[in-house]
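# Structural overview
Chain residues, written in single-letter form:
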Amino acid sequence: MKPMKIRKGLILVSMVFLMAGARPSGVMASSYQLGYNTNASDNDYISTTKAPRGRIGKSMSISFRVRATDEDMDNLKISLLQTNDFQQIEERGNGDYTVDYYPFEIMETTFLAKNVGNIKKGNIKSVSLSANVRRDAQQGYYSIPILLEWDGGTDIDYINIWISTDTSSGTDDEEDKKEGNYFVIGENQATPRGVYPNVMDYTVNFRNKRNTTAQDVTISMQLSEDDTKFPFEINDGNYDRTFERVQSGETVSAPYSMAIRKDSYTGYYPIKYTITFRLSSEGDLHTEEGTFYVHIVSKDKEDNLGDFDANDRTRARLIVDSYYTVPEQVYAGNEFELVLNMKNASTSVPASNILFNLESEKVSDSAVFTTKSGSSSMVVNDLGSGQSTEVRVRFTARAGVDQRSYAITIKEKYDSPEFKNAEESIVVDIPVKQYAKLSTSTIDVMPDSMTVGSESNVMFGINNTGKVILYNVTAAFEGDSIKTTDAYVGNIKPGDTGNVDIMLTGVAPTMDDGTIKITITYEDENGVAAEPVEKELTLFVTEEMEDPFGMDAGMEAGAMDVEAEPPSFWGKYKVLVIAGAVAAVAVIAAVAMVIKKKRKAAREEDVDDEIS
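Residues numbered from 1 in each chain as written. Predicted model: local features only at pLDDT ≥ 70, side-chain atom pairs only at ≥ 80, totals over all residues. Heavy atoms only, no water.

In terms of regular secondary structure, the protein is built from six helices and 39 strands. Going through the 612 residues of the protein one by one, you find that 36% of them count as buried. When contacts within the protein are restricted to residue pairs at least 6 apart in sequence, those whose partners lie at least 24 apart make up 72%. Carbon together with sulfur atoms contributes 48% to the accessible area of the protein, which is approximately 34800 Å² in total. (Helix = DSSP H or I, 4+ residues; strand = E, 2+ residues; numbered from the N terminus. Buried < 20%, exposed > 50% of the residue type's maximum accessible area, 1.4 Å probe, protein only. Contact = heavy atoms within 4.5 Å. Areas by Shrake-Rupley, 256 points an atom, 1.4 Å probe, with all protein chains shown as cover.)

On to the packing of aromatic side chains, then. Within the structure shown, the criterion is met by 17 aromatic pairs. On the basis of an interplanar angle of 25 degrees and a centroid distance of 6.1 Å, the ring pair of Y202 and F232 is categorised as stacked. Linking Y202 in strand β13 (residues 199-208) with F232 in the loop between β14 (214-221) and β15 (241-246), this pair joins segments that are 30 residues apart in sequence. Residue class for Y202 comes out buried when judged on its relative accessible area of 6%. (Phe/Tyr/Trp six-rings, centres within 6.5 Å; stacked < 30°, edge-to-face > 60°.)

Within a sheet, adjacent strands bond to each other through the backbone by hydrogen bonds, running parallel or antiparallel. Read from one edge to the other, the open sheet built from five strands follows the order β20-β29-β28-β22-β26, with strand pairing classed as mixed. If you trace the sheet from one side to the other, it starts and ends with β20 (330-331) and β26 (377-383), each paired once. Bridging between strand β28 (residues 404-416) and strand β29 (residues 419-433) involves 12 bridges; their strand directions are antiparallel. Each bridged residue has a counterpart across the sheet, and for I410 the counterpart in β29 is I426. (Pairing = 2+ DSSP bridges.)

Most peptide bonds take the trans form, and the phi angle of most residues other than glycine is negative. Residues Y196 and P197 are joined by a peptide bond in cis, for which omega reads 10 degrees. Relative to the helices and strands, P197 resides in the loop between β12 (193-195) and β13. The omega torsion across V326 and P327 is 0 degrees, close enough to zero to call that bond cis. In this structure, P327 sits in the loop between β19 (318-326) and β20. The phi dihedral of N188 falls on the positive side, at around 60 degrees, and the residue is not glycine. Residue placement: N188 occurs in the loop between β11 (183-185) and β12. If you check the backbone angles, N353 has positive phi at about 50 degrees while not being a glycine. Looking at where N353 falls in the secondary structure, it is placed in strand β22 (residues 351-360).

Glancing now at the sheet that holds strand β8 (residues 124-132). With antiparallel pairing, the three strands of this open sheet are ordered in space as β1-β3-β8. The outermost strands of the open sheet, each flanked by one partner alone, are β1 (46-47) and β8. With two bridges connecting them, β1 and strand β3 (residues 59-67) associate as antiparallel partners. From the neighbouring strand, I46 faces β3, where its bridge partner is V66.

Pairing of strand β4 (residues 73-80) with strand β7 (residues 114-119), which is carried by four bridges, proceeds in the antiparallel orientation. Note on β7: the bridge partner recorded for I78 is K114. Here β4 pairs with strand β9 (residues 140-150) via four bridges, running antiparallel. Paired with S79 across the strands is L147, a residue of β9.

It is characteristic of soluble globular proteins that their nonpolar side chains tend to be buried jointly. If you look at the biggest cluster of nonpolar residues, it comprises 33 residues, and the most contacted ones within it are F356, L358 and F369. Broken down by secondary-structure element, the contributors of at least two residues to this core are β19, β21 (335-344), β22, β26, β27 (388-397), β28 and β29. The element that contributes the greatest number of residues to this core is β29, accounting for six residues. If you look at the next biggest cluster of nonpolar residues, it comprises 31 residues, including I56, F64, I119 and A137. (Core = buried A, V, L, I, M, F, W, Y, C linked by side-chain atoms within 4.5 Å.)

Looking at the secondary structure, you find S164 in strand β10 (residues 153-164). Not counting the four nearest positions on each side in its chain, S164 is found in contact with G54, R55, I56 and Q139.

This brings us to a negative patch on the surface. Side chains of D480, D512, D513 and E536 sit close together on the surface and give a patch of like negative charge. As for its placement among the helices and strands, D480 is situated in the loop between β34 (470-478) and β35 (485-492). (Patch = residues over 30% accessible without salt bridge, like charges linked within 9 Å, V, L, I, M, F, W, Y side chains within 5 Å. Salt bridge = Lys/Arg side-chain N within 4 Å of Asp/Glu carboxyl O. Lys, Arg positive; Asp, Glu negative; His and termini not counted. Charge placed at Lys NZ, Arg CZ, Asp CG, Glu CD.)

Let's shift gears to the pattern of salt bridges. Tallying each qualifying case throughout the model produces 16 salt bridges. E187 is paired through a salt bridge with R207; the nearest N and O atoms lie 2.5 Å apart. One end of the pair, E187, is in the loop between β11 and β12; the other, R207, is in strand β13, and 20 residues separate them in sequence. For R207, a relative accessible area of 22% puts it in the partly exposed group. Residues E423 and K413 are paired through a salt bridge, measuring 3.9 Å at the closest nitrogen-oxygen approach. With E423 in strand β29 and K413 in strand β28, this residue pair connects regions lying 10 residues apart in the sequence. Residue K413 is classed as partly exposed on the basis of its relative accessible area, which comes to 35%.

Here we take up the confidence of the model for the protein. Parts of the model with low pLDDT should not have their predicted coordinates read in detail. Scored by pLDDT, the protein comes out at a mean of 81, with 77% of its residues at no less than 70. Considering only residues more than four positions removed or in separate chains, one finds that residues 605-612, a stretch of pLDDT under 50, has zero contacts. (pLDDT = per-residue confidence, 0-100.)

As a further point, take the environment of L279. Residue position: L279 is located in the loop between β17 (267-278) and β18 (285-297). For the pair L279 and M60, spaced 219 residues apart in sequence, the C-alpha separation works out to 8.4 Å.

See the structure below:
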């Protein structure tokens, strides 16, 4: 605990005892305001913009912000601190009694720590704690100690709260009504765009802009049978998204995957949402509505009136007749050229002073496609009816984006003889691919040498270090001394690891440096095989030697009942031992032969002497 926090506690206790000795007990209980005894501005990590408010006998939310001021706060836990700072010694009747003015009910869950997670140095995270206010609490400000614990550190900060004895909801509710809705919809988001007949995957952001935590949050999409108002097929029975809690300042995302209606029209559609929530676990249900826009590219709207505006009748129609990229496949982080074939589809109306401005879709407030010059605008002087012109722009696809299609909006501004400054927008989709990446862990070979007909176990991991799935991953092993073998690993998701565990069989003695070639192959999402990745391992195969002592048979018979035991001294060096034994037998036989010959020669000499 820091010295500053110790001083806070000492000041708090001393002030309480001074107050207890200076006033009668009845006055003390009625005017008790602990908030004067602690200065929350001395906090090191916790701050608030508004004092949390509670009512006696009700559950209240204590919302605040935590800033990692001087270091990372990993595995941060926050709780109400168990303290006796609220205790006073009061004279009641014939004796002194200790009275505790802590404003919250002490229950099993009151002081449980809440896991906040990690906060990087300099960053801020919103946190909310809940507690039930005692029914006998006195009205006033209370300075509540908050305990912060993280890897390598602890601290105690204070929050000033206001407890009201007024059980009516008049004042607080009026202030709530003045502040408006709780949730902001679609903040920091580009308008999602979908093209028929594709499925449109998108998310909608909902931010709690108030200082109170919202609980039991349900976000409901309002559906409609009218295809002019609602562009999506209604395939599911329920499109609700629920969240247990949304902290003050927190943003949650509701994901949707919607099929676009065949009878939809090109344009913007307002999608309405209804949000219900509570401000406490037992509070009333609040309801509010909001709107989020999506853009759909489908068929053009028909004019049921049959008459056209005069300007529309004499206005040129500039369309994208075709487009392609060079190279054909665009990879994240690489440069490419977008080639647009722009055509005046009008049969009689020319266009002049044409300005084409190309705008990229944004992800996390950053453009997916950028140009070196920073500008992607160009001018065409004129384009007669039925004529076409080619527009070329060089872009760089941002590295790190997900593999999918991203939109480039072509905004047109041009003049026609009877229509000046006409404006149109056309969207083209550019698929962006990610390079597949993989790495392997250490290749374990056991044993690293064996005889012909024996087996060796090879194990290693294949790590997907890219952002796309590796499909049908296979590892093939080839070498002159082993039987060619394949190990099928399967699909490996980004960040995951596939494991190879295979037995290699020796078929011939090693005649080279013992290198075994490993070829790792995989496919992309279209089943197209990628460039193989090659690795190597070292494994020696020797000729199997005859066992003059019959020891192999005994060892093999004994080894049949033992599975996957580590190689023993005999299993690892038996070839050398047997070779040495054979050599020793040969030497002994040779020595015996020499001795036998010498003895025979001696006997023959004795016989010769006797004959002579």
